[in-house]
Amino acid sequence: MRRLVVKKNLITLGIESSCDETGIGIYSSNDGLISHKLFSQVKLHAEYGGVVPELASRDHIQKTVPLIKEALKESSVKLNELTGVAYTAGPGLSGALLVGSSIAQSLAWGLGIPALGVHHMEGHLLAPLLEEKKPEFPFVALLVSGGHTLLVDVPRIGEYKILGESLDDAVGEGFDKTAKILGLGYPGGPALANLAKKGDKDRFTFPRPMTDRPGLDFSFSGLKTFARNTFFDFPHEKANIAKAFEVAATETLSIKCNRALKHTGYKCLVVSGGVSANLSLRESLNKMCEENDVSVFYPALNFCTDNGAMIALAGHYRFLAGQSNQNYEISIKPRWSLEELQPL
Ligand code: KG4
Ligand code: ZN
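Residues numbered from 1 in each chain as written. Chains lettered and ligands numbered in written order. Predicted model: local features only at pLDDT ≥ 70, side-chain atom pairs only at ≥ 80, totals over all residues. Heavy atoms only, no water.

A. Just the pattern of salt bridges, in detail. Considering all chains together, one arrives at 13 salt bridges under this definition. For Glu 251, the salt bridge identified is with Arg 208, shortest N-O distance 3.1 Å. Taken together, the positions of Glu 251 in helix α8 (residues 238-264) and Arg 208 in the loop between α6 (188-196) and α7 (221-233) put the pair 43 residues apart, joining distant regions of the chain. With a relative accessible area of 23%, Arg 208 lands in the partly exposed category. A salt bridge links Glu 291 to Lys 287; the nearest nitrogen and oxygen atoms lie 3.5 Å apart. Residue Glu 291 and its partner Lys 287 are located together in helix α9 (residues 279-291), separated by four residues, close to a single helical turn. Here the two residues Glu 291 and Lys 287 agree in accessibility, since each one is exposed. (Salt bridge = Lys/Arg side-chain N within 4 Å of Asp/Glu carboxyl O. Helix = DSSP H or I, 4+ residues; strand = E, 2+ residues; numbered from the N terminus. Buried < 20%, exposed > 50% of the residue type's maximum accessible area, 1.4 Å probe, protein only.)

B. Highlighting the sheet that holds strand β1 (residues 11-16). The strand order across the open sheet formed by five strands is β3-β2-β1-β4-β5, and the pairing between neighbours is mixed. Here the strands that pair on one side only, and so sit at the sheet edges, are β3 (32-40) and β5 (115-119). When the angles between neighbouring strand axes are averaged without regard to direction, this sheet yields 20°. Judged from the five bridges that link them, strand β4 (residues 84-90) and β5 form a sheet pairing that is parallel. In the sheet register, Val 85 faces β5, and the bridge partner there is Ala 115. Lying on the sheet, helix α2 (residues 53-75) is in contact with β1, β2 (21-28) and β3; it crosses β3 at an angle near 150°. Along the sheet face, helix α3 (residues 94-111) touches β1, β4 and β5 and points at about 160° away from the line of β4. (Pairing = 2+ DSSP bridges. Axes fitted to C-alpha atoms, helices over the stretch in contact; angles between N-to-C directions. Contact = heavy atoms within 4.5 Å.)

C. Up close: the site of ligand 1. Every one of the 17 residues lining ligand 1 counts as a neighbour, but His 124, Gly 146, Asp 176, Asn 278 and Asp 306 are closest to it. Within the side chain of Asp 176, one N or O atom sits 2.6 Å away from an oxygen atom of ligand 1. Burial of ligand 1 by the surrounding chains reaches 86%, relative to a free accessible area of 550 Å². Those elements giving two or more residues to the shell around ligand 1 turn out to be α4 (120-126), α5 (171-181) and α6. (Near = heavy atom within 4 Å. Polar contact = N/O pair within 3.5 Å; in protein donor to acceptor, adjacent residues only side chain to side chain. Areas by Shrake-Rupley, 256 points an atom, 1.4 Å probe, with all protein chains shown as cover.)

Below is the structure:
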């Protein structure tokens with residue numbers, strides 16, 4: 001006689017608080033992403049020209065619980081229907097991570113459900129799986145954020161081999177610092193991309209760092225210095241400098257992605273993290289992938305930068321595989337390599 005197995009609907013709450021965004025997501029195994037809420041602290045930090053960690057932590061304390069309540073209301077999920085709480089355990093700012101961890105562990109303990117610390121970059125890496133058209137494993141992932149530039153070999157969820165990374169500034173940091181040099185304020189990436197639209201791509205040619213030698217590592221700090229020196233000589237050509245920086249950075253990423261795809265033999269590329277919202281990068285990668293018969297996947301624009309949906313999703317896969325921290329310890333990992341993760 002065949003037994004009917006009724007699978008329980010897992011409903012995971014995700015909490016993101018690693019930097020300057022408080023993000024909440026609710027992911028259900030039956031219905032996918034059913035709610036997400038985001039509060040960006042951009043205005044809070046703008047006058048300081050960058051993220052002030054203590055202010056970030058205090059603001060996460062203010063916003064996390066109200067956003068959880070809003071997300072529950074929007075999805076019509078009752079608190080006692082949640083089956084797990086996932087939070088960003090690292091990498092990120094210690095104080096900010098502690099807020100998410102404390103709230104997640106306390107809530108899970110109070111509800112008697114498991115909690116789990118998720119790797120922020122695994123969240124980014126899996127974010128394209130929130131879309132209807134999903135990438136298939138194995139794939140190469142290019143993770144481009146404010147703190148990381150990583151090329152990763154991904155045979156399956158949870159198994160990550162870093163093929164290349166930035167030896168100095170992350171590409172998002174390069175965008176932010178160059179924007180600061182040009183007086184564009186914080187956050188710099190979107191502002192620089194916006195100004196670059198008015199620039200002439202043929203006016204200046206910046207180098208494509210580390211593309212003239214084998215390997216998959218990156219270096220972006222020299223590009224920022226190149227921008228500073230050009231700005232010194234041509235102070236009235238901000239848009240052209242922004243364009244030259246953007247073209248050089250995005251083409252460098254594209255060249256290295258092509259190399260990583262050839263190295264692995266994979267025909268699928270996933271691109272995620274804040275800089276994957278950059279349209280010039282998408283254009284360059286789309287062209288390279290088309291020429292090489294490779295499928296490329298990005299998150300929706302609102303899920304490129306930090307958000308709670310990707311943390312709920314990453315937590316969901318791990319809960320599904322039976323992983324959790326059973327002791328409700330408030331634990332964070334401000335420095336944490338993707339390669340240390342437990343495979344599913
Ligand atoms: O993933 P994310 O939100 O936070 C981190 O985990 O770091 O990425 C933020 C980074 C910032 O450096 C920001 O300037 C950059 O992503 N960024 C962009 C764009 N949107 C965000 N860079 C270039 N073009 C954009 N449109
Ligand atoms: Zn991020």
